[in-house]
Amino acid sequence: MIHFSQKVRERLSGSASIFSFFYYICVNPMERKEIENLMQAHGIRPTANRISIALALSRAGRPMSLGELEDNLDTIDKSGISRALTLFRGSHMVHVIEDGSDSVRYELCLSESEHHDSDEHVHFYCEKCGKTFCLNDISIPSVALPSGWTPTSTNYMIKGVCPACSQD
Ligand SMILES: [Zn+2]
Ligand SMILES: [Zn+2]
Ligand SMILES: [Zn+2]
């Protein structure tokens, strides 16, 4: 049993679960203005739909697939979400996460630099609930590649059972 601090207990209220605790410690959703700044930094015009999609990614606190985003965004159709994600991908405003499930998942890239991605981190795919979680504080170990091999992105995925599913 994990002993929550008073502050965390207040946030969890009645329906406390390990998952909501996990959610609480991992999520630091961006404000609308921060999202607009992030877009402008990546040369993307902040339209209402693009802002809504980026806000949904930020609030989720874990990488989201196109289908999951569609479920979260009633007002934007799938092709609209898909077009925005393609734009975000092309501008390096998102990380593309391959977790071995049917679809890739996306999360916002908060790195300031275009050339060095400073916010890449380890991900954990839960084989029970099918969710992929961000382990934000665990950075990806560096791998010394042979000369001539130029990496553009790294996926570091650990699979297993998440804290919420471990309780079942
Ligand atoms: Zn990044
Ligand atoms: Zn799980
Ligand atoms: Zn992540």
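Residues numbered from 1 in each chain as written. Chains lettered and ligands numbered in written order. Predicted model: local features only at pLDDT ≥ 70, side-chain atom pairs only at ≥ 80, totals over all residues.

Thoughts on the overall build of the protein chain
Thinking step 1. For the protein chain, the helix and strand inventory stands at 7 helices and 6 strands.
Thinking step 2. Helices (α) and strands (β) of the protein chain occur, in sequence order from the N terminus, as α-α-α-α-β-α-α-β-β-β-β-β-α.
Thinking step 3. Residues counted as buried form 20% of the 168 residues belonging to the protein chain.
Thinking step 4. Excluding contacts between residues fewer than 6 apart, the proportion of contacts in the protein chain whose partners are at least 24 apart in sequence is 52%. (Helix = DSSP H or I, 4+ residues; strand = E, 2+ residues; numbered from the N terminus. Buried ≥ 20, exposed ≤ 12 C-beta atoms within 10 Å, placed from the backbone. Contact = placed C-beta atoms within 7 Å.)

Section: the environment of Ser111
Thinking step 1. Looking at the secondary structure, you find Ser111 in the loop between β3 (105–108) and β4 (121–126).
Thinking step 2. For the pair Ser111 and Leu38, spaced 73 residues apart in sequence, the C-alpha separation works out to 9.5 Å.
Thinking step 3. If sequence neighbours within four positions are ignored, Ser111 has contacts with Asp117, Ser118 and Asp119.

Describing unusual backbone geometry
Thinking step 1. Backbone geometry places His92, a non-glycine residue, at a positive phi of 55°.
Thinking step 2. Judged by the 17 C-beta atoms lying within 10 Å of it, His92 is partly exposed.

Some points on the environment of Met93
Thinking step 1. The topology assignment puts Met93 in the loop between α6 (78–90) and β2 (94–97).
Thinking step 2. Considering only alpha carbons, one finds Met93 and Ile44, 49 residues apart in sequence, at a separation of 9.1 Å.
Thinking step 3. For Met93, the residues in contact, after removing those within four places along its chain, are Leu38, Met39, His42, Ile44, Phe88, Leu108 and Cys109.

Brief notes about the packing of helix α3 (residues 32–41) against helix α4 (residues 48–60)
Thinking step 1. The geometry of α3 relative to α4 is characterised by a closest axis approach of 10 Å and an angle of 110° between their N-to-C directions. Classified by the angle their axes make, α3 and α4 are roughly perpendicular. In this structure, α3 meets α4 at a crossing whose hand is right-handed. Two secondary-structure elements touch here, α3 through Arg32, Ile35, Glu36 and Met39 and α4 through Arg50, Ile51, Ala54, Leu55 and Ser58. (Axes fitted to C-alpha atoms, helices over the stretch in contact; angles between N-to-C directions. Parallel < 35°, antiparallel > 145°, perpendicular 65-115°, else oblique. Left-handed = near helix turned anticlockwise from the far one by under 90°.)

Considerations on the sheet that holds strand β1 (residues 64–65)
Thinking step 1. Read across the open sheet, the 3 strands follow the order β1-β3-β2; overall the sheet is antiparallel. Each edge of the open sheet is held by one strand with a lone partner, namely β1 and β2.
Thinking step 2. Pairing geometry for β2 and β3, over 4 bridges, is antiparallel. Within the sheet, the bridge partner assigned to Val94 lies in β3 and is Leu108. (Pairing = 2+ DSSP bridges.)

Description of the nonpolar core
Thinking step 1. Among the nonpolar cores identified, the biggest contains 19 residues, and Ile53, Leu57, Met93, Val94 and Leu108 are the most heavily contacted of them.
Thinking step 2. Residue assignment for this core shows that the elements contributing at least two residues are α3, α4, α6 and β3.
Thinking step 3. Not counting chain neighbours up to four residues away, the residues in contact with Ile53 comprise Leu69, Leu73, Ile76, Ile81 and Ala84. (Core = buried A, V, L, I, M, F, W, Y, C linked by C-beta atoms within 7 Å.)

Digging into the confidence of the model for the protein chain
Thinking step 1. Across the protein chain, the average pLDDT comes to 84, with 81% of residues at or above 70.
Thinking step 2. Per-residue pLDDT stays below 50 along residues 1–26; that stretch engages in 18 contacts with residues further than four places along the chain or on separate chains. (pLDDT = per-residue confidence, 0-100.)

A short note on the pairing of strand β5 (residues 132–139)
Thinking step 1. Relative to β5, β4 runs antiparallel, the two sharing 5 bridges. Opposite His123, over in β5, you have Cys134 as the bridge partner.
Thinking step 2. From the end of β4 to the start of β5, which pair antiparallel, there are 5 residues, and Gly130 there has a positive phi angle of about 75°.

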